[in-house]
Amino acid sequence: MKPETLSRTALNRALLARQMMLAREAVAPLVAVERLVGLQAQQPQPPFIGLWTRIAGFERESLWRLLHDRAVVRSTLMRGTLHLMSAADYLRIRGTLQPMLSAGMRAVLRDRLEGLDVEGLTTAARAVFHERPRTFTELRTALLETVPEADERAMGFAVRTHLPLVAVPDDSSWGYRADPDFATAESWLGTVPGPGVPAQELVLRYLAGFGPAAAVDVQAWSGLTGVRDQLEALRPRLKTFRDDRKRELFDLPEAPRPPEETPAPVRFLPGFDNIILSHADRTRIIADEYRPRVTTKNLLVLPTFLVDGFVAGTWKVMIAKKAACLTLSPFTALAKPAKAELAEEGEQLVRFIEPDAVGWSVKFAAA
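Read on for an overview of the structure. Along each chain, numbering runs from 1 in the same order as the chain's sequence is written. Local features in this predicted model are restricted to residues whose pLDDT is 70 or higher, and side-chain atom pairs enter the listing and the counts only when it is 80 or higher, whereas totals over whole chains, interfaces and linings include all residues. Note: side-chain values were computed over all heavy atoms of the structure, leaving out hydrogens and water.

Our next topic: empty space enclosed by the protein. Using a 1 Å grid laid over the protein atoms alone, points where a 1.4 Å probe fits but cannot get out form a cavity; open sets with protein on both sides within 12 Å along at least 5 of 7 lines form a pocket; any residue with an atom within 4 Å of a point counts as lining. Grid points are joined across faces, edges and corners, and a volume is the space filled by probe spheres set on the points. For the coordinates displayed, the defined rule picks out two cavities of 30 Å³ or more. Of the volumes computed, that of the largest cavity is approximately 90 Å³. Lining of the largest cavity is provided by 14 residues; of these, L39, Q40, R54, D273 and N274 occupy positions nearest its centre. Runs of E in the DSSP output that reach at least two residues are strands. Runs of H or I that reach at least four are helices, and both are numbered from the N terminus. When contributions to the lining of the largest cavity are tallied by element, the ones reaching two or more residues are β2 (39-40), α3 (46-52) and α14 (274-277). A class-by-class count of the residues in the lining of the largest cavity yields seven nonpolar, five polar and two charged. Considering the residues around the second largest cavity, the lining is formed by S75, T76, R94, F136, R160, L163, P164, L165 and F182. Here the residues of the lining of the second largest cavity are counted per class, giving five nonpolar, two polar and two charged. When residues are sorted by character, Ala, Val, Leu, Ile, Met, Phe, Trp, Tyr, Cys and Pro go into the nonpolar class, Asp, Glu, Lys and Arg into the charged class, and all the rest, Gly among them, into the polar class.

If you want it as structure tokens, here you go:
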């Protein structure tokens, strides 16, 4: 049979359904973190907002407590970036990602790797962290004491990608200060991460949370290579589709694929949210012409909001005289019903982010 062609809107609704964006769901935060296969956490705050926009009645304290109870960890994972992941998933998946992390280190450092003993550095760093949790600034200082002529940034990056480390939460509002301490995963969780699950298992987890998808989409999310071969091996267990560009897409047969006319409520996304970053072809969530407007020169991915399921602008929260204001910057003029819905949802968001403010407001910048 000829595979069904899925429109851009149909792919959008499938993605929203799996990302808990068509309706907030009454699930425990730990369950949500595992369904999403982690949340991007380059900064401490975004994962909290990411769960607030997905979970009915989500409270900041619930994720904060999971971090302190060591049920969720923050570590370098997919694409070599910081993610929150359940401790159980982390111990199972970290090893699967090691080849990607090693390749990423080589691609970034290139000739700076010359003369760098990665295995020796990892051993030395493990001993440093064994003494007590430390920031990476402290780690680099300690390593320079033994190899004073070395490239300290290169050493730090090599350690980050080869030694399983987790950030240590503190009493900060969002769980971590800007420059957190790190500890070895073994000391923090009481066990060493395993060799990793088969790559096929990780591919299936991705499809459950982000499908239908092509091989290049899975690779964009994970950084893994050889994805096409993994999908070919899984083909008997999967259903295939085509998109409007004739690409072959793979999916779990029973995964949700709502009709494209399914209503999509407005939603606010934090910076770096994986729903924006986890496909090679991101047109199912953001138009190509808008992508440059959500990424800054220093590679920050800005907070965004969705209208009818697609990214329609960016947002930020500012404090003035102890009052909090959420400013929305739409890409194009918004219809009155959408603005009203955004204003209502936005007030709840600004109250969540700044609960101790003396007042909360929402305003729209000119398109």
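Moving on, we get to helix α9 (residues 152-162). Note on exposure labels: buried denotes an accessible area under 20% of the residue type's maximum, exposed denotes more than 50%, and partly exposed covers the range between, all computed with a 1.4 Å probe on protein chains only. Every buried residue of α9 is listed here: A154, M155, G156, A158, V159 and T161. Along its buried surface, α9 packs onto α6 (98-109), α7 (118-131), α8 (136-146) and β5 (165-167). In this analysis, two residues are considered to be in contact whenever any of their non-hydrogen atoms come within 4.5 Å of each other.

This part takes up the pattern of salt bridges. A side chain of one charge can pair with a side chain of the opposite charge when the charged atoms of the two come close. Throughout this description, the term salt bridge denotes a Lys or Arg side-chain nitrogen within 4 Å of a carboxyl oxygen of Asp or Glu. Under the defined criterion, the tally for this structure stands at 28 salt bridges. Note that E248 and R228 form a salt bridge whose closest N and O atoms lie 3.6 Å from each other. With E248 in strand β8 (residues 248-251) and R228 in helix α13 (residues 227-234), this pair connects stretches of sequence that are 20 residues apart. By relative accessible area, R228 is classed as partly exposed at 36%. When salt bridges that share partners are traced, they join D217, D243, R245, R247, D281, R284 and D288 into one network.

Further remarks concern the sheet that holds strand β7 (residues 239-243). Here three strands make up an open sheet; going across it, the order is β1-β7-β8 and the pairing mixed. This sheet does not close on itself; its edge strands, each paired only once, are β1 (4-6) and β8. Adjacent strand axes in the sheet meet at a mean angle of 45 degrees, parallel and antiparallel pairs treated alike. The rule for pairing is simple: two strands pair if DSSP sees at least two bridges between them. In terms of strand pairing, β1 meets β7 through three bridges, oriented parallel. What sits directly across from L6, in β7, is D243. Packed on one face of the sheet, helix α1 (residues 8-18) meets β1, β7 and β8 and runs near 75 degrees to β1. Note on geometry: axes are lines fitted to C-alpha atoms, helical ones only across the stretch in contact, with angles between N-to-C directions running from 0 to 180 degrees.

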